[in-house]
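Analysis of the macromolecular model
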Amino acid sequence: MAASNLAVKQALKNNPAPSSVDPQEVHKWLQDFTWDFKEKAGKYPTKYDMDVNTREQFKLTAKEYARMESAKEERQFGTLLDGLDRLDAGNKVHPRWGEFMKLVANFLETGEYGALAGSALLWDTAQSPEQRNGYLAQVIDEVRHVNQCASVSYYYSKHYYDPAGFTNMRQLRAINPLYPGVKRAFGEGFLAGDAVESSINLQLVAEACFTNPLIVALTEWAAANGDEITPTVFLSIETDELRHMANGYQTIVSIMNNPDTMKYLQTDLDNAFWTQHKFLTPFVGAALEYGSRFKVEPWAKSWNRWVYEDWAGIWLGRLQQFGLKSPKCLADAKKDAVWAHHDLALLAFALWPLTGIRLELPDRQDMEWFEANYPGWYEHYGKIYEEWRALGFEDPRSGFSGAVWMLQRGHGIFIDHTSSLPFCPTLGKGALKPSFLEKNGKRFAFSEPHGERMWLQEPERYEFQNFFEQFEGWELSDLVKAAGGVRSDGKTLMAQPHLRSTDMWTLDDLKRINFTVPDPMRILNWQPAH
Amino acid sequence: MSSNSFVRGMVDPYRQTIIQAAIPEQPLESKRDHIPFAKRGWRRLTEYEAVMLHAQNSVDSVPGSQEVGESVQKWPGGRPNYSIESTAVIAGNWFYFRDPAKRWFMPYVKQKTEEGQTAERTMKSWAESGDAGMMNADWRNQILGTHYGALVYNEYGLFSAHSTTVYSALSDLLKTWISEAGFDKNDAGQMIQMERILLGKLFADFDPSLAAAKQAWMQDPIWQPAREFVQHIWMGVYDWVEQLWAIHGIYDHIFGQFVRREFFQRLAGLHGDTLTPFIQSQALTYHQQASDALQAFCVKMLIDEEPVYGAHNRRYLRAWTKRYLPGTQAALKAFLAIYKTLPLQVEGITCKASVEAAVRRIVNDWARRFAEPIDYRFDAEAFIADVMQGY
């Protein structure tokens, strides 16, 4: 007998009673932790019926959770603050990518923050102690993820050659016309509504469907462009996402006991998918393809693999037993996956002073790649970019603005009222079918019928002033200055339409454009062609 | 990986050449101060603030927010999230709060991991070294078997009450602290059960199930006012600041501290139980941190350093104190009947004078920390006298 076995036998003989408790032994008692009383229900009750006997898949106690996460934190921050520091990682990133990370890190931070509150909502509504335990772990996870996204910005602000924008995006985003789209999908889609609806948005769609392309694919593009900071953090985030996906699955399992409420589920899934897709598909695609010097694979292809095949096929396939089908809007989303990010990029270039980052128009090399992977791209977008460049898009003395160019040619920029994202009815190639509706004397723009239907059914959920209404009448340079979009010299803009360190635009250059924010709904009598 | 020929730009010489050619010779910006627009809680920006402060995308009706405008998706019916109507107190800057312990995620889980590892080693040592054998059997089976288990329900109910306070809290650093306080309550309940499971392994006559504990929590007069209080604070209160004040500022600082510290921690040793004081010391630490943060929030932020609404907030905190003190008093008064069930009665520890001294310690500490700062008129002697009728 081996010496080690003898030692074990001897130890057992000396200590016949087990002297430790496995966390799993504690977890199995969790379902007994609660009790019934008359008033007991969620303060935020759901229209569904969540089963008190639902179990969670990842059975973690608080201490075991902390042990696991602490190890991940040590690895992550050790890599960031030791390994990557010594490799001067902040100065190995291509500027195109580094600049887009100013938006990506902050926008994802907003998503994680929304997820924190959304998970707390589920923690309240669920009646099963095990489910509560799982949602609580997600609440704390989301604190972690906010901290992590912020750590990317914080790290970049200390080590990257252009910290402007990383340091203050939490302020600067207030004037970014793309940011309300983040708020709609992440900031409120995850938490402002029925808890199960929030779970579907957060866990079943955003996390189960889009974190793979958002977090995993994005890290591949990051590394290709010299960024090892983002993969270090984002892949560590992704290790928690599996538990969140399981929480989403268990949410669905928990409501299956009442067939009367199941009639809501397909509609909630369809709406959630469209809500999340409407922002994530164009934004992630634009970040990957327009924020990179070195391309990995066309976004449409990644989207097809992760969203269409993996999520809509395999993941939702598991839920077929509960009567769930793929969202009806999936076909339109598939069309968006090809063109919507190009549409959004065009608007981002047109509105560059408001983004807070340095953008660079696609060059010849990019154009060839775009045309090879998206046939027809050059005729539609490439020629516009060439014309803009020739008219002085990059030149601070030109007084040129893509937005003014569009408006002067009747290409109005509107805000889709349901998604809160800008769109251009005449230049968009995504799944657009614009409409303009009126309610209580106010006109509302919609880029497609899925969002329009959501508004028609619940208009009170979308009562707000959009970007143009908020800032109508503001002169552009005044707006940028007021939002903190100026560098420490007091005049040079944080946002730039090129990546050079020379010919940087200042407030005076911006003033030369002579652009006052309009409300297109007032000045353009545009109607969709019949 | 979507490509077999994947290249890492950081270490690929060709790509780095292109990248370096695109990087300016000098940094484009010399100022690297993070969130420069934010008011610092300490002389310099801490990592705790850098990774969370102003992360919240809120509406401009939440004072202190960086946002312009409002939330773009509401609840059915049109109610927004992060609404200042979620509480009666008012702040000129909801982002002013700072947790004195500066706990963001990493230090938080690190602390808990260390506590978990220490607990694991302590329990093993306690079980193997003979300490376990010192324990009075009646204490083990009656008190730990029943009443210590009932404390699980107290902690679980208070943990559950944190869900809506996390949801409703109006700024990011508040949400962080409240999430951690809720997590600690869940942990405290689980650690009690962990100890009870170990006892079940070591002693054949100890039942680690929660049946008797639940029965005590539901029916034993010792626990009924406490259960009613917890149920009310969990499901009956919708103002999230009121909830936090009632939980950490009143009930847990009086009833919770008495049960954990003056009863279980103090009397366990008397009965040869050296493990329970260790387990409860972690819960006491959690309460101390929650208590400090609540003071920073309700006293420092909402009253002492609130330039406009301090008087308004003080009125509400006083009113809430008046509302929740009687329930807490009743809970403690009923709990004192537990002394009659103790296996050992020791003069100087379990006698009336000693218990009264224990109540006084708790009440005086509470008054110093929470009643005096809000100028709450509190008759400590009358409170103690009433509570002692339960002995």
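Model, not experiment: these values are computed from the prediction.

Now for the overall build of chain B. Across its full length, chain B holds 12 helices and zero strands. For chain B, the sequential pattern of α-helices and β-strands runs α-α-α-α-α-α-α-α-α-α-α-α. If one aligns the C-alpha atoms of chain B with their principal axes, the spans along those axes are about 80 × 55 × 45 Å. Residues classed as buried in chain B amount to 61% of the 391 residues present.

Within chain A, the regular secondary structure consists of 20 helices and four strands. For 530 residues, the compact-globule estimate of 2.2 N^0.38 gives 24 Å, and the C-alpha radius of gyration of chain A, at 25 Å, lies within 12% of that figure. When the backbone C-alpha atoms are referred to their principal axes, chain A occupies close to 85 × 60 × 40 Å. Evaluated residue by residue, chain A yields a buried proportion of 69% over its 530 residues. Considering only intrachain contacts with a sequence separation of at least 6, the fraction spanning at least 24 residues in chain A is 78%. A total accessible area of about 17,300 Å² is found for chain A, and carbon and sulfur atoms account for 51% of it. One finds the centroid of the 56 positive side-chain charges in chain A at a distance of 1 Å from the centroid of its 69 negative side-chain charges.

What follows deals with the interface of chain B and chain A. Taken together, the contacts link 115 residues of chain B with 118 residues of chain A. For the interface between chain B and chain A, the tally reads five salt bridges. Between lysine 183 of chain A and glutamate 67 of chain B there is a salt bridge, with the nearest N and O atoms lying 3.6 Å from each other. Taken together, the connections running from chain B to chain A amount to 51 residue pairs in polar contact (both at pLDDT 80 or more). Secondary structure elements with two or more residues in the side of chain B that touches chain A: α1 (13-22), α2 (47-50), α3 (105-128), α4 (137-168), α5 (172-202), α6 (211-219), α7 (224-236) and α9 (275-304) of chain B. The element best represented in the side of chain B that touches chain A is α5 of chain B, accounting for 18 residues.

Regular strands show a simple pattern: their side chains alternate between the two faces of the sheet. All names here are of chain A. Of the strand pairs in this sheet, strand β3 (residues 435-439) and strand β4 (residues 442-446) are connected by five bridges, and their pairing is antiparallel. Residue lysine 439 lies in a different strand from β4, and its bridge partner there is lysine 442. Count of turn residues in the β3/β4 antiparallel hairpin: two residues, of which asparagine 440 carries a positive phi of about 50°.

With that settled, the discussion passes to the pattern of salt bridges. The final tally for this structure, using the stated rule, is 72 salt bridges over all chains. Of the charged contacts, one joins arginine 243 of chain A and aspartate 141 of chain A as a salt bridge, the two residues approaching to 2.7 Å between their closest N and O atoms. You can see arginine 243 of chain A sitting in helix α9 (residues 229-254) and its partner aspartate 141 of chain A sitting in helix α5 (residues 129-159), a full 102 residues away along the chain. For aspartate 141 of chain A, a relative accessible area of 0% puts it in the buried group. A salt bridge links lysine 124 of chain B to glutamate 128 of chain B; its shortest N-O distance comes to 2.8 Å. Taken together, the residues lysine 124 of chain B and glutamate 128 of chain B, both in helix α3 and four residues apart, mark about one turn of the helix. Salt bridges linked by common partners bring Lys63 of chain A together with Asp99, Arg103, Lys112, Glu180, Asp184 and Asp187 of chain B together as one network.

We now examine the domain arrangement of chain A. Residues and elements named next belong to chain A. As assigned here, chain A comprises domain 1 (41-277) and domain 2 (413-475 + 515-530). The C-alpha-based centres of domain 1 and domain 2 are spaced at 29 Å. Between domain 1 and domain 2, the buried area comes to about 1,100 Å², and carbon and sulfur atoms account for 60% of it. If you sort the residues of domain 1 by the area they bury against domain 2, Pro177, Arg184 and Trp274 come out on top, with a joint share of 48%. Run the count over domain 1 and domain 2 and you get one salt bridge. With its nearest N and O atoms 3.1 Å apart, the salt bridge here joins glutamate 197 to arginine 461. Our count for the contact surface shared by domain 1 and domain 2 stands at six residue pairs in polar contact (both at pLDDT 80 or more). Elements with a contribution of two residues or more to the side of domain 1 that touches domain 2: α7 (179-188) and α10 (265-290). Looking at side-chain class alone, the side of domain 1 that touches domain 2 contains seven nonpolar, four polar and two charged residues.

Bringing α7 of chain A into the picture now. Residue and element names in this part refer to chain A. Of all the 10 residues making up α7, 10 are buried; the element is thus mostly covered by neighbouring parts of the structure. Every buried residue of α7 is accounted for by Tyr179, Pro180, Gly181, Val182, Lys183, Arg184, Ala185, Phe186, Gly187 and Glu188. In this fold, the buried residues of α7 make contact with α4 (95-125), α10 and α16 (449-457).

Okay, unusual backbone geometry next. Residues and elements named next belong to chain A. Look at aspartate 503: it is not a glycine, yet its phi comes out positive at around 50°. In this structure, aspartate 503 sits in the loop between α18 (476-482) and α19 (507-513). Looking at aspartate 503, the relative accessible area reads 35%, which means it is partly exposed. The backbone of asparagine 514 sits at a positive phi, close to 60°, despite the residue not being glycine. Residue classification places asparagine 514 among the exposed residues on the basis of a relative accessible area of 63%.

Together, Ile90, Val308 and Tyr309 of chain B line one region of the surface with nonpolar side chains, adding up to about 240 Å² of accessible area. Taking the relative accessible area as the measure of exposure, tyrosine 309 of chain B reaches 31% and is therefore partly exposed.

Attention now goes to the packing of aromatic side chains. In total, this model carries 83 aromatic pairs over all chains according to the counting rule given. A centroid spacing of 6.2 Å and a plane angle of 55° characterise the contact between tyrosine 113 of chain A and tyrosine 82 of chain B, whose relative ring orientation is tilted. Taken together, the positions of tyrosine 113 of chain A in helix α4 and tyrosine 82 of chain B in the loop between α2 and α3 put the pair across two chains. The burial state of tyrosine 113 of chain A is the same as that of tyrosine 82 of chain B; both residues are buried.

On to the environment of lysine 333 of chain B, then. Residue and element names in this part refer to chain B. Take lysine 333: it is sitting in helix α10 (residues 310-335). Taking relative accessible area as the criterion, lysine 333 reaches 26% and is therefore assigned partly exposed. Considered as a pair, lysine 333 and leucine 53 are 280 residues apart in the sequence and their alpha carbons are 42 Å apart. Setting aside its immediate chain neighbours within four residues, lysine 333 contacts Asp386, Val387, Gln389 and Gly390.

What counts and how
- Residues numbered from 1 in each chain as written.
- Chains lettered and ligands numbered in written order.
- Predicted model: local features only at pLDDT ≥ 70, side-chain atom pairs only at ≥ 80, totals over all residues.
- Heavy atoms only, no water.
- Helix = DSSP H or I, 4+ residues; strand = E, 2+ residues; numbered from the N terminus.
- Buried < 20%, exposed > 50% of the residue type's maximum accessible area, 1.4 Å probe, protein only.
- Rg over C-alpha atoms; globule rule 2.2 N^0.38 Å.
- Contact = heavy atoms within 4.5 Å.
- Areas by Shrake-Rupley, 256 points an atom, 1.4 Å probe, with all protein chains shown as cover.
- Lys, Arg positive; Asp, Glu negative; His and termini not counted.
- Charge placed at Lys NZ, Arg CZ, Asp CG, Glu CD.
- Salt bridge = Lys/Arg side-chain N within 4 Å of Asp/Glu carboxyl O.
- Polar contact = N/O pair within 3.5 Å; in protein donor to acceptor, adjacent residues only side chain to side chain.
- Pairing = 2+ DSSP bridges.
- Domains from an automatic or database assignment.
- Buried area = accessible area lost by both parts, 1.4 Å probe.
- Nonpolar A, V, L, I, M, F, W, Y, C, P; charged D, E, K, R; others polar.
- Patch = residues over 30% accessible without salt bridge, like charges linked within 9 Å, V, L, I, M, F, W, Y side chains within 5 Å.
- Phe/Tyr/Trp six-rings, centres within 6.5 Å; stacked < 30°, edge-to-face > 60°.

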